[in-house]
Amino acid sequence: MSIAARIDAFTSRDATRLCQIALLSSVAVFFTLVVLNNVTDFDSNYQFVHHVLAMDATFPGNHGLWRALRLPTVQLIAYLGIIAWESLNMCLLWSGAFMLLRARSLPAQEFYEAKRVGILALTAGLLLWMVAFLCIGGEYFLMWQSKLWNGQEAASRMFSVEAFILILLILPESAPR
């Protein structure tokens, strides 16, 4: 088949499906790099968790310091939990992307069913950013008070990106007119 014939045969349905696969894969690449960074530069990212949980960079004399977790063992467990969550999410994202890639030529209902792992993976990522970073880190441990150890902007950005991709993934295919 010639290139022109292939382009003519490429439908908007094909483009939409490839868009969904590419975007889900891009989040998988992101989480792969996050896990790689956390494993290969363990101490740099551990320092972030340490300072957020210790609340040692919040406003002086704030009344929330009773919440601080200063035990290194607890901080390490929290950090390892974050890495485990990110690693599981990375695996789910890659699995979801490969499931969609395999299903790209299937009928609409079967392609939609192949989205389930990707939907779960994006939801797990959203929960990581919202619960672990924005709620627990940002509000409970008052991360927002720190100029140096504040990850709220990055967490908000990733929450927004993943939410947008999740919406695009969940949308059912429309019938051609």
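Our subject in this report is the structure included herewith. Since the structure is predicted, the reported quantities are computational estimates derived from the model, not experimental observations.

Parameters at a glance
Residues numbered from 1 in each chain as written. Predicted model: local features only at pLDDT ≥ 70, side-chain atom pairs only at ≥ 80, totals over all residues. Heavy atoms only, no water. Helix = DSSP H or I, 4+ residues; strand = E, 2+ residues; numbered from the N terminus. Rg over C-alpha atoms; globule rule 2.2 N^0.38 Å. Buried < 20%, exposed > 50% of the residue type's maximum accessible area, 1.4 Å probe, protein only. Contact = heavy atoms within 4.5 Å. Areas by Shrake-Rupley, 256 points an atom, 1.4 Å probe, with all protein chains shown as cover. Expected span 1.5 Å × (residues − 1). Core = buried A, V, L, I, M, F, W, Y, C linked by side-chain atoms within 4.5 Å. Salt bridge = Lys/Arg side-chain N within 4 Å of Asp/Glu carboxyl O.

### Section: the overall build of the protein
No. 1: Counting its regular elements, the protein contains 7 helices and 0 strands.
No. 2: Start at the N end of the protein and walk to the C end: the helices and strands fall as α-α-α-α-α-α-α.
No. 3: Relative to its length of 177 residues, the protein is extended, with a C-alpha radius of gyration of 20 Å against a globular reference of 16 Å.
No. 4: Put simply, the protein has 177 residues, and 40% of those count as buried.
No. 5: In the protein, the share of contacts with a sequence separation of at least 24, taken over all contacts with a separation of at least 6, comes to 77%.
No. 6: For the protein, the accessible area works out to roughly 10,400 Å², and carbon and sulfur atoms hold 70% of it.

### Here we look at helix H3 (residues 42-54)
No. 1: In this model, H3 (13 residues) spans 18 Å end to end at C-alpha, consistent with the 18 Å of a helix rising 1.5 Å per residue.
No. 2: Buried residues in H3 make contact with helix H4 (72-103) and helix H6 (116-140).
No. 3: Positive phi appears at Met 55, one or two residues downstream of H3, with a value of about 55°.

### Considerations on the nonpolar core
No. 1: Leu 93, Leu 122 and Phe 133 are the most contacted members of the largest nonpolar core, which has 42 residues in total.
No. 2: Ignoring any residue separated from it by four or fewer positions in sequence, one finds Phe 133 in contact with Phe 48, Ile 82, Leu 128, Gly 138, Met 143 and Ala 155.

### Brief notes about the pattern of salt bridges
No. 1: Scanning all chains against the criterion turns up 2 salt bridges.
No. 2: A salt bridge links Asp 14 to Arg 13; the nearest nitrogen and oxygen atoms lie 3.7 Å apart.
No. 3: For Arg 13, a relative accessible area of 33% gives the class partly exposed.
No. 4: Here Glu 173 and Arg 17 are joined by a salt bridge, their closest N and O atoms 2.4 Å apart. Of the two residues, Glu 173 is situated in the segment after helix H7 (152-170) and Arg 17 in helix H2 (residues 12-40); the sequence distance between them amounts to 156 residues.

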